[in-house]
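Geometric and topological summary
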Amino acid sequence: MNTPLIMIVGAADTGRAPLTAALLRRMLLQRAINARVESAGVLGHDDDPASPDALAVADHLSLDLSAHRARSLSVDLVDAASLLLAVDRGTARVARLRFPQAEARIHTLGELAGRDRDIPDPFKMQIGPWLIYAQEIERLLQQALPRIIAFLPEDATTPPDSEPPAPSPVVAEERRAAAERTAQLLDLMTRIPGIVEWSAAREQIETTIALAQAHPAGASDLVAAYGALLRAALALTPPVPGAAQLAALHDAIARLEQPITSEDVGSLSARLGAWSTLA
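Below: a short report on this structure. (Residues numbered from 1 in each chain as written. Predicted model: local features only at pLDDT ≥ 70, side-chain atom pairs only at ≥ 80, totals over all residues. Heavy atoms only, no water.)

What about the sheet that holds strand β1 (residues 5–10)?
Within the open sheet, the 4 strands sit side by side as β2-β1-β3-β4. Their pairing is parallel. Here the strands that pair on one side only, and so sit at the sheet edges, are β2 (36–41) and β4 (106–108). Put simply, the sheet's adjacent strands are angled 30° from each other on average, direction ignored. Here β1 pairs with strand β3 (residues 81–86) via 5 bridges, running parallel. Paired with Met7 across the two strands is Leu84, which belongs to β3. In this fold helix α1 (residues 16–30) packs onto β1 and β2, with an angle of close to 175° to the strand it touches most, β2. (Pairing = 2+ DSSP bridges. Helix = DSSP H or I, 4+ residues; strand = E, 2+ residues; numbered from the N terminus. Axes fitted to C-alpha atoms, helices over the stretch in contact; angles between N-to-C directions. Contact = heavy atoms within 4.5 Å.)

A word on unusual backbone geometry
The phi torsion at Ala32 lies on the positive side, around 55°, for a residue other than glycine. Looking at the secondary structure, you find Ala32 in the loop between α1 and β2. For Ala32, a relative accessible area of 46% gives the class partly exposed. Residue Ser62 is not a glycine yet carries a positive backbone phi of 60°. Relative accessible area serves as the criterion here: at 62%, Ser62 is assigned to the exposed category. (Buried < 20%, exposed > 50% of the residue type's maximum accessible area, 1.4 Å probe, protein only.)

Re α1
Turn by turn, an α-helix covers 3.6 residues, leaving residues three or four places apart pointing in a common direction. Taking 1.5 Å per residue, 15 residues should reach 21 Å; α1 reaches 21 Å between its end C-alpha atoms and fits that length. Of all the 15 residues making up α1, 11 are buried; the element is thus mostly covered by neighbouring parts of the structure. Buried within α1 are the following residues: Arg16, Ala17, Pro18, Leu19, Thr20, Ala21, Ala22, Leu23, Leu24, Met27 and Leu28. Contact partners of the buried residues in α1: β1, β2, α2 (52–60) and α6 (127–149). (Expected span 1.5 Å × (residues − 1).)

Considerations on the side chain of His107
Relative to the helices and strands, His107 is located in strand β4. Judged by relative accessible area, His107 falls into the buried class, the value being 13%. A polar contact is formed between the side chain of His107 and the backbone oxygen of Ala104, at a distance of 3.0 Å. Sequence-distant contacts of His107, that is, excluding residues within four places in its chain, are made with Leu83, Leu84, Leu85, Ala86, Arg96, Leu112 and Phe151. (Polar contact = N/O pair within 3.5 Å; in protein donor to acceptor, adjacent residues only side chain to side chain.)

Section: the pattern of salt bridges
This structure, assessed with the given rule, holds 17 salt bridges. As a salt-bridge pair, Glu38 and Arg71 come within 2.3 Å of each other at their nearest N and O atoms. Placement of Glu38 in strand β2 and of Arg71 in the loop between α2 and α3 (75–80) is noted, with a sequence separation of 33 residues between them. A relative accessible area of 28% places Arg71 in the partly exposed class. (Salt bridge = Lys/Arg side-chain N within 4 Å of Asp/Glu carboxyl O.)

Quick notes on the nonpolar core
A general feature of soluble globular proteins is that nonpolar side chains tend to end up buried together. With 41 residues, the main nonpolar core has Ile6, Ile8, Leu24, Leu28, Leu85, Leu141 and Ile148 as its most contacted residues. Only β1, α1, α2, β3, α5 (109–113) and α6 provide two or more residues apiece to this core. Sorting elements by how many residues they give to this core places α6 first, with 12 residues. Leave out the neighbours within four places in its chain, and Leu141 touches Thr20, Leu23, Leu24, Met27, Leu85, Leu109 and Ile148. Ranked by size, the runner-up nonpolar core spans 26 residues in total, among them Trp198, Ala201, Leu230 and Leu246. (Core = buried A, V, L, I, M, F, W, Y, C linked by side-chain atoms within 4.5 Å.)

Observations regarding the packing of helix α10 (residues 223–236) against helix α12 (residues 262–272)
Between α10 and α12, whose axes approach to 10 Å, the crossing angle comes to 20°. Our classification of the angle between α10 and α12 gives roughly parallel. Of the two elements, α10 crosses α12, and the hand of that crossing is left-handed. Of the residues in α12, those touching α10 at Tyr226, Leu229, Leu230, Ala232, Ala233 and Leu236 are Asp264, Val265, Leu268, Ser269 and Leu272. Of the residues belonging to the contact of α10 with α12, the class tally is 9 nonpolar, 1 polar and 1 charged. (Parallel < 35°, antiparallel > 145°, perpendicular 65-115°, else oblique. Left-handed = near helix turned anticlockwise from the far one by under 90°. Nonpolar A, V, L, I, M, F, W, Y, C, P; charged D, E, K, R; others polar.)

Let's talk about the packing of α2 against α6
When two helices pack together, their arrangement is given by the angle between the helix axes and by the axis-to-axis distance. Two elements in contact, α2 and α6, have axes separated by 10 Å at closest approach and are oriented at 55°. Considering their axes alone, α2 and α6 lie oblique with respect to each other. Considering only the axes of α2 and α6, their crossing is right-handed. Residue-level inspection shows Asp53, Ala54, Ala56, Val57 and His60 of α2 in contact with α6, the latter providing Ile127, Trp130, Leu131 and Ala134. A breakdown of the residues in the contact of α2 with α6 according to their chemical character gives 7 nonpolar, 1 polar and 1 charged.

Given below as structure tokens:
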């Protein structure tokens, strides 16, 4: 069987597209789904490396984009792809105009996630927005994953001679919604400093942590330990938190929308050592 291809389509293929591809590649690998995930762009930045900010965010997310080189979306790549997943509606529009024969296979990430949302291009922005948008891309990919997998051949999603995978733990809707609201609040505070009093935001964060701990998604969900680490992070956060601290809190709170793994606990624990030094 030829390994099916999912092509992430971006603008220059130096920022959002390679990050999205790396995140999706990891998700599929964790689920033992046999598919290639690659990226290409519509603006012709062939052979450019990933942008410095994309490299930094990838490192923060334990991804490696050091070998990435941008390339243009071509007829061969389009014909080979089971799905062409565009980072935004503008990019999808360009791809459909250039490759009308593939229109049925061209979709946006927001569309497959069931959200009326395009992730903005953080080109030339500070690292905080890059981290926020990368985390949002990851959440949209998680929401879109069932529809993404549906584009793949059946034999790519069921490894031979294997038992059917156990059902994934499901996070309670009230926990997911609370985490999403609080993450959006922290995003707003990062983009518009001073718009929300930290005392009010902190109270909302503590309420979200308590709600998440009260709704674990099964025995494997390490939300109790993760919540304790989040409270430790709050204790280290000054009365006027910096943009990096708000971005880090945003990422940590947004993770509560999914079951917490040992990797999540380890990552947050490692970050606490330098928490008070975040600007």
